[in-house]
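Spelled out from the first residue to the last, the chains are:
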Number of protein chains: 2
Amino acid sequence: MKEEASKKRIHLLPEQICFPMYASSRMITRLYQPLLEKLDITYPQYLVLMVLWHEEKLSITELGQRLFLNTNTLTPLIKKMKEKNLIKKQRSRSDERSVFVQLTEKGKALEEQASHVPDALLDSLKMSNEDIDTIRRIMWKFLSNFNERVQFTEGEA
Amino acid sequence: MKEEASKKRIHLLPEQICFPMYASSRMITRLYQPLLEKLDITYPQYLVLMVLWHEEKLSITELGQRLFLNTNTLTPLIKKMKEKNLIKKQRSRSDERSVFVQLTEKGKALEEQASHVPDALLDSLKMSNEDIDTIRRIMWKFLSNFNERVQFTEGEA
DNA sequence: AAAAAAAATATCGTGTGCGATGTAATCATG
DNA sequence: CATGATTACATCGCACACGATATTTTTTTT
């Protein structure tokens with residue numbers, strides 16, 4: 001009886017920590033979409049662009065470290081962006097295993113066209129600046145902590 | 001020159017609010033995985049189970065409202081869970097359009113087997129209770145606010 | 001009551017995510 | 001310097017997410 005009552009609370013959605021993040025993340029991606037589809041890019045593609053607007057030339061692995069994504073996600077993503085003429089690929093001469101990616105002129109030009117996106121999104125969020133700062137701070141703390149513990153491709157089991 | 005400097009900050013990942021949530025959400029899903037694969041379920045399937053452990057019988061739409069998912073995601077998800085014998089489907093007699101879903105005995109039995117999952121996950125997060133509570137509170141506030149403004153299938157443009 | 005609109009699912013196509021595995025290049029070690 | 005381990009990507013298969021659209025049933029309008 002009492003055990004039944006306690007069991008009932010364990011799996012309540014509002015008690016969960018991941019679910020509201022999972023749902024919120026998808027909701028925000030939906031908010032991004034009308035802004036990004038005018039630029040003919042998806043949200044993950046926008047993330048790749050944001051990285052490359054600040055870092056000229058990166059290997060696939062380095063890009064993956066910035067975005068917490070593995071090559072099995074990035075390779076097809078990069079391929080599509082190359083087909084859209086947003087990105088150039090170039091194999092490293094010093095290490096033939098590595099592939100560098102960098103933006104084309106078209107990819108660079110998108111930065112200007114996307115300059116209104118961050119503010120437009122913040123408006124659509126309808127969240128207080130305080131809450132936004134709090135989320136950002138805690139999530140980055142979590143991510144850095146996570147990055148120390150688990151190194152992508154390996155995983156220490 | 002100064003315009004160049006300000007432009008540079010706009011699209012920095014650490015300035016973004018959605019990216020750390022998007023990345024954190026995926027990281028947490030990865031933490032769930034070793035716990036859930038022992039039960040032979042995925043994270044979205046776990047979410048469906050959590051709802052149905054507390055609400056006996058729901059239509060696809062009602063389930064979608066709980067999880068912020070549309071039928072184009074839920075229908076195939078439900079189908080797979082039916083094939084795994086976790087869920088039963090039944091068309092409503094009062095409204096032939098609606099389909100009710102409810103757990104099979106096997107689905108109900110999983111609640112017991114999953115009872116350690118929430119605590120195990122919290123441990124693996126390595127976050128303070130205070131941060132967890134803060135995230136949960138702000139994210140739910142955001143979700144409820146969002147739910148008021150945007151009604152899934154329609155969208156008020 | 002017939003026609004139009006709305007509602008509840010289902011289907012289709014596209015784009016991620018990611019575990020598992022494959023391949024080629026580089027490194028490490030005896 | 002051969003060879004086994006490691007590294008950097010690529011490929012494959014599966015499971016979501018979701019916009020667009022189709023289908024069936026109910027509701028609303030006229």
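Preceding this section is the structure that the text describes.
Quick look at the structure, then. Quick caveat: nothing in here was measured; it's all calculated off a predicted structure. (Residues numbered from 1 in each chain as written. Chains lettered and ligands numbered in written order. Predicted model: local features only at pLDDT ≥ 70, side-chain atom pairs only at ≥ 80, totals over all residues. Heavy atoms only, no water.)

Observations regarding the pattern of salt bridges
All names here are of chain A.
Line of reasoning, step 1. Counted according to the given criterion, the structure contains ten salt bridges over all chains.
Line of reasoning, step 2. Here Glu55 and Arg66 are joined by a salt bridge, their closest N and O atoms 2.7 Å apart. Of this pair, Glu55 sits in the loop between helix 3 (43-54) and strand 1 (58-59) while Arg66 sits in helix 4 (residues 60-67), and the two are eleven residues apart along the sequence.
Line of reasoning, step 3. A relative accessible area of 29% places Arg66 in the partly exposed class. (Salt bridge = Lys/Arg side-chain N within 4 Å of Asp/Glu carboxyl O. Helix = DSSP H or I, 4+ residues; strand = E, 2+ residues; numbered from the N terminus. Buried < 20%, exposed > 50% of the residue type's maximum accessible area, 1.4 Å probe, protein only.)

Concerning the protein's contact with DNA strand D
Line of reasoning, step 1. Around DNA strand D there are 25 residues in total, and Tyr22(A), Thr61(A), Val99(A), Thr42(B) and Asn72(B) lie nearest to it.
Line of reasoning, step 2. When the atoms of DNA strand D within 4 Å of the protein are grouped by moiety, sugar and phosphate amount to 71% of the total.
Line of reasoning, step 3. Thr75(A) is positioned such that a nitrogen or oxygen atom in its side chain is 2.9 Å from a phosphate oxygen of DNA strand D.
Line of reasoning, step 4. The backbone of Val99(A) places a nitrogen or oxygen atom 2.8 Å from a phosphate oxygen of DNA strand D.
Line of reasoning, step 5. Only helix 2 (18-37), helix 4 and helix 5 (71-83) of chain A together with helix 3 (43-54) and helix 5 (71-83) of chain B provide two or more residues apiece to the surface near DNA strand D.
Line of reasoning, step 6. Partitioned by chemical class, the residues of the surface near DNA strand D number six nonpolar, eleven polar and eight charged. (Near = heavy atom within 4 Å. Polar contact = N/O pair within 3.5 Å; in protein donor to acceptor, adjacent residues only side chain to side chain. Nonpolar A, V, L, I, M, F, W, Y, C, P; charged D, E, K, R; others polar.)

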